[in-house]
Each structure stands twice: as structure tokens, then as C-alpha cells.
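The residues making up each chain are set out below.
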Amino acid sequence: MTVAAIALGVLASGRGSNLRNLLELGYRIAAVATNRPSCGAAALARERGLALGEFSQRRFASSEERDAAMLAWLRERGVELVVNAGYDRILSSDFVAAFPRRIVNVHPSLLPAFAGGMDAVERALAAGVQVTGCTVHVVTDEVDAGPILLQAAVPVLAGDTVERLRARIQAEEHRILPEAIELIAQASPSLRQ
Ligand code: GRF
């Protein structure tokens, strides 16, 4: 089995550029789960005819219940590796334990700097750092603190806006997220059979 044949489950809440990139590179997206059915990633999943699971928090009494439903749905679709590509909820520990070292997250900063939240690019710009970037890491129970797989540095340029800086960071995300998936697959014989 080639790495591209691994059944990925993508969790997304945002525009969906990382999902689009994985599709363009030929990855097998077995399922896309979202907590925001109106987000760009969900629209892309519908457009491409991908299996789309909608798990809005308001449908569930707790985040644990939401994640249990999402886990069962992903399992039914044979998901082997979960990719958080702009997912804005914290996964419950039961969900994390169900995919040991099989969940990766992409975060738009050089972790551990600007961990947590969805405004890392804004915070980096406001802090006046000269270099920021992105990180792909394994998801553990501690938010944005699991083992780092890959990072890419992105210089902050004079006159940068959040949008311009974010665009350059995302270009790097689109490079290192697939590389990180390859790393996980190489380190996990069961994913390569
Ligand atoms: C990315 O910048 C990622 O780092 C962050 O959310 C953003 C998602 O972008 N966690 P997209 O929805 O893949 O375009």
C-alpha cells in the first residue's frame, strides 16, 4: 500500500485549504468531519462527493458525546489516520486514546510559541516577532503540546498584514502536512501494509 492509500479522516472547521491540498496531492480522504457545516471545508467535501459528517456541538449534550459520535462515524468509514486541518475544537481524551499517535494537527506558529486558540498569526504579528511559521505535531491530551513532527519557519516582513503573513504560513502548511503524514506512515508499519 502506498502512503497515498492510507484512509485519512480530516477534521476541519475553516476554509479548507489544507483539505484541498491533500486532495490535489492524491491522498485518500475516507471521511471529513466538521463541527461547522457551513465552513469552506464542508462545502469542498460536498463538492467532491466526500463522506461528510456534521457534528455541531449544539446537537450533543457534551463534547465527549460529540466526540463519541464522531469516533464511531470515522471508524465506520475505516479511518486509519486523523488529520486536524483547521479543526477548532479540543478533542476529548477518549477520542485521542482511540487513535494513539494517529492524530496530527497543523498549527500556524512555531510551537510552543503562540500555542492554543485560533489566532496564533494575529498574536505573532502583534508580538513583533521576526520569524514565525507552522508546526505539525501528534495530538495528545495537552493542547498543541504533542510531539513535534515538522516545523517550517516563515519570516515576518515589514508591512505584513495578518492576511499576507497567514498566506505565506499556509503555503508552508501545505508543504509540511503531507510530509508529516508520510513520516507517520513510515513509522507505523500497520499503516503501510
Ligand atoms: C490553518 O492555518 C491551521 O494552521 C489552523 O487553521 C488553519 C486552517 O486552514 N489550525 P484551512 O481551513 O486548511 O484553510
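Everything discussed here concerns the structure shown above.
Per chain, residue numbering runs from 1 following the sequence as it is written. Whole-chain, interface and lining totals are the exception, using all residues; otherwise, since this is a predicted model, local features are given only for residues with pLDDT of at least 70 and side-chain atom pairs are given and counted only at 80 or more. With hydrogens and water set aside, each side-chain value is computed from the structure's full complement of heavy atoms.

**Q** What is the right way to read the pairing of strand β2 (residues 28-34) from this model?
**A** Looking along a regular strand, one sees side chains alternate from face to face of the sheet. Buried residues are those whose accessible area, probed at 1.4 Å on protein chains only, stays under 20% of the maximum for their type, while exposed residues exceed 50% and partly exposed ones sit between those limits. Numbering of helices and strands runs from the N terminus, with a helix taken as a DSSP run of H or I at least four residues long and a strand as a DSSP run of E at least two residues long. When you tally the buried positions in β2, you get six out of seven residues, the bulk of the element. Only strands that DSSP links by at least two bridges are regarded as paired with each other. One ladder, built from six bridges, connects strand β1 (residues 7-12) with β2; its direction is parallel. The residue bridging L11 from the neighbouring strand is A33, located in β2. A crossover links β1 with its parallel partner β2, the connecting element being helix α1 (residues 17-24), and its sense is right-handed. Sheet topology places β2 next to strand β3 (residues 52-54); three bridges connect them, and they run parallel. Across the sheet, the residue bridging to T34 is E54, located in β3. Viewed with both strands pointing away, a crossover whose connecting path from the first strand over the helix to the second turns clockwise is right-handed.

**Q** I tried to follow the environment of S62 on my own but got confused; where do I start?
**A** Structurally, S62 can be placed in the loop between β3 and α3 (63-76). A distance of 3.1 Å separates a polar atom in the side chain of S62 from the backbone nitrogen of E65. For this analysis, a polar contact is any N or O atom pair within 3.5 Å, provided that within protein one partner can donate a hydrogen and the other can accept it, and provided that sequence-adjacent residues contribute only side-chain to side-chain pairs.

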